[in-house]
Amino acid sequence: MYPLNPRDPSFFDSTKLLKEFERIASVCNGCRLCFNYCDSFPTLFKKIDERGAVKLTLEDLREVSSKCFHCKMCYVNCPYVPPHEFMVDFSGLMEWAWLFFKTKEGLSLRDYLWEMLDAMRFARPLARALISRGREIMGMHREAPELPVADKGFRERFRPKRIDNPKAKVALFPTCLVENSFPEIGEDLVEVYNSLGIEVVVPDFVCCGAPMLDVGDAERLRKNAERNAEIMERMVKEGYDVVSPIPTCTLMLNEYPRVLGREVPKAHDAMEYLLKLVNEGKVQIKGKLEKSVAYHPPCHLKYLRVGYPGVRLMRSLGLKVETSNKGCSGMDGGWGLRNYETAKRVGSKMMDYFRESKADLLVTECPLAGLQIKRASGRQPLHPIQVLKEAMRNA
């Protein structure tokens with residue numbers, strides 16, 4: 001497990017970092033399964049072909065890590081990940097390297113702007129103007145889709161509902177995307193959960209830290225992780241389960257042991273948690289919806305290794321779901337908006353699929369992949385929880 005904590009003594013061990021890069025590169029060189037994933041791999045293989053894996057340098061690692069957008073698909077598909085004796089975690093190594101180099105180099109003003117997603121709720125008009133008219137300041141590609149900014153955030157809309165003898169108690173991690181851009185997802189999640197007898201509270205969480213990883217701010221990532229971990233520990237002691245509706249944020253919460261160097265309570269994907277309660281017999285979802293669905297499985301949901309719980313739940317209510325399996329959307333937060341030429345190329349097969357889809361509903365748990373789906377199809381995709389809400393109305 002590579003350290004993501006700048007206070008860990010091994011975090012700044014450049015000798016260890018380079019040796020691990022050489023070791024992982026040697027294994028990757030003998031496999032090359034990931035040659036067509038992100039640009040990190042062709043860049044790496046070109047350098048290996050020119051000089052060999054044992055002659056790679058920290059400068060090479062800096063270049064390779066800069067092209068990783070943390071989709072984690074290399075880990076999902078790698079035949080040599082733990083517990084294999086080779087212990088390959090290419091994506092984890094890239095995260096360590098990126099934070100290492102950016103901590104050494106320092107952050108730019110643009111970096112600081114991109115990691116301020118959790119501050120959008122305090123200045124929505126300014127955030128909206130910056131996103132729509134400040135593309136040059138933000139370094140946003142001219143063709144990149146625009147991230148919406150809601151007039152009223154999720155926390156302002158949320159009204160806790162008292163539930164006597166709840167079947168489960170949930171501490172909802174709403175995520176910056178739901179809070180600032182897609183509050184309707186949070187509202188629909190709370191409505192569905194409450195209707196099933198699940199109590200929902202929204203503690204004062206801060207950003208999960210994914211934007212900090214994206215720009216390379218190791219110290220801010222650590223501070224946010226520390227605050228959120230303390231809230232998670234407290235809520236779990238009070239009998240709540242931590243749930244997040246966005247796979248990227250769920251993944252980041254579950255990476256806190258790497259950031260903090262200690263165990264942290266598990267965060268559940270919202271659909272995974274609902275399916276768990278169904279399988280345990282604690283809730284029963286009643287409803288029917290005879291529509292067809294084209295579904296995009298987010299990369300980070302695959303990394304969580306919980307299957308496709310949203311698909312299973314939708315099918316249980318009569319929906320005909322086709323899974324696209326056309327690869328990554330290429331977005332991965334601010335990275336895709338800044339590097340949209342690459343994001344568009346990486347996500348081209350997925351976009352083609354949704355452009356041609358005749359399904360009644362387009363669905364994904366990832367709103368950022370949803371930006372690509374909407375760009376391709378002209379239709380707004382839904383989160384699976386929103387589909388369940390519609391189906392339950394027909395109970």
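See the structure printed just above.
The paragraphs below set out a description of the structure included in this document. From a predicted model like this one, the values you see are computed outputs, not experimental measurements. Residue positions are counted from 1 within each chain, in the order its sequence is given. Predicted model: local features are reported for residues with pLDDT of at least 70 only, side-chain atom pairs are reported and counted for 80 or more only, and whole-chain, interface and lining totals are derived from all residues. Heavy atoms from the whole structure form the basis of all side-chain values; hydrogens and water molecules are not counted.

**Thoughts on the overall build of the protein chain**
Here is step 1 of the chain: From N to C terminus, the protein chain includes 23 helices and seven strands.
Here is step 2 of the chain: In terms of C-alpha radius of gyration, the protein chain reaches 21 Å, essentially the compact-globule figure of 21 Å for 395 residues.
Here is step 3 of the chain: Principal-axis analysis of the C-alpha atoms places the extent of the protein chain at approximately 65 × 50 × 45 Å.
Here is step 4 of the chain: Think of it in three bands: residues with accessible area under 20% of the maximum for their type are buried, residues over 50% are exposed, and the middle band is partly exposed, with areas taken using a 1.4 Å probe on protein chains only. Per-residue burial for the protein chain yields a buried fraction of 58% across its 395 residues.
Here is step 5 of the chain: Put simply, of all contacts in the protein chain between residues at least 6 apart along the chain, 75% involve residues at least 24 apart.
Here is step 6 of the chain: A total of about 17000 Å² of accessible surface is found on the protein chain, and carbon and sulfur atoms cover 50% of it. Helix and strand labels come from DSSP, where a helix needs a run of H or I of at least four residues and a strand needs a run of E of at least two; each type is numbered from the N terminus. Within these notes, the globule rule equals 2.2 Å times the number of residues to the 0.38 power, and the radius of gyration is based on C-alpha atoms. The contact rule is simple, with two residues in contact once any of their heavy atoms fall within 4.5 Å. Note on areas: these come from Shrake-Rupley sampling with a 1.4 Å probe, and a residue is covered only by the protein chains present in the view.

**Details of the packing of helix α1 (residues 14–29) against helix α5 (residues 90–105)**
Here is step 1 of the chain: Each axis is a line fitted through C-alpha atoms, taken for helices only over the stretch in contact, and angles between the N-to-C directions span 0 to 180 degrees. At a minimum axis distance of 11 Å, the contact between α1 and α5 shows a crossing angle of 150°. Between α1 and α5, the crossing angle belongs to the class labelled roughly antiparallel. The handedness of the crossing between α1 and α5 is left-handed. For the pair α1 and α5, contact is made by Ser-14, Lys-16, Leu-17, Glu-20, Phe-21, Ile-24 and Cys-28 and by Phe-90, Leu-93, Trp-96, Ala-97 and Phe-100, respectively.
Here is step 2 of the chain: Residues are sorted three ways: Asp, Glu, Lys and Arg are charged, Ala, Val, Leu, Ile, Met, Phe, Trp, Tyr, Cys and Pro are nonpolar, and all the rest, Gly among them, are polar. Residues that form the contact of α1 with α5 fall into these classes: nine nonpolar, one polar and two charged. Working definition: roughly parallel below 35 degrees, roughly antiparallel above 145 degrees, roughly perpendicular at 65 to 115 degrees, and oblique for all remaining angles. If you view the pair so one helix is near and one far, a crossing is left-handed when the near helix is turned anticlockwise from the far one by less than a right angle, and right-handed when it is turned clockwise.

**Considerations on the sheet that holds strand β7 (residues 361–364)**
Backbone-to-backbone hydrogen bonds pair the strands of a sheet. The strands run either parallel or antiparallel.
Here is step 1 of the chain: A pair of strands is labelled paired if DSSP reports no fewer than 2 bridges between them. Strands sit in the order β6-β5-β7 across an open sheet of three strands; the sheet is parallel. Two strands in the sheet have a free side with no partner beyond their single neighbour: β6 (320–323) and β7. Recorded for the sheet is a direction-independent mean angle of 30° between the axes of neighbouring strands.
Here is step 2 of the chain: By the bridge criterion, four bridges tie strand β5 (residues 292–296) to β7 in an arrangement that is parallel. Its bridge partner lying in β7, Val-293 is registered against Leu-361.

**Section: the pattern of salt bridges**
Here is step 1 of the chain: In the sections that follow, a salt bridge refers to a side-chain nitrogen of Lys or Arg positioned within 4 Å of a carboxyl oxygen of Asp or Glu. For the structure shown, the criterion picks out 31 salt bridges.
Here is step 2 of the chain: Ionic pairing is found between Arg-7 and Glu-219, a salt bridge with its closest N-O pair at 3.4 Å. Taken together, the residues span a long stretch of sequence, with Arg-7 in the segment before α1 and Glu-219 in helix α13 (residues 218–237) at a distance of 212 residues.
Here is step 3 of the chain: Here Arg-7 falls in the exposed class, since its relative accessible area comes to 58%.
Here is step 4 of the chain: We classify Glu-219 as partly exposed; its relative accessible area is 27%.
Here is step 5 of the chain: Between Arg-162 and Asp-164 there is a salt bridge, with its nearest N and O atoms 3.4 Å apart.
Here is step 6 of the chain: Owing to a relative accessible area of 55%, Asp-164 belongs among the exposed residues under this scheme.
Here is step 7 of the chain: Counted as one network, the salt bridges with shared partners bring together Lys-47, Arg-51, Asp-60 and Glu-63.

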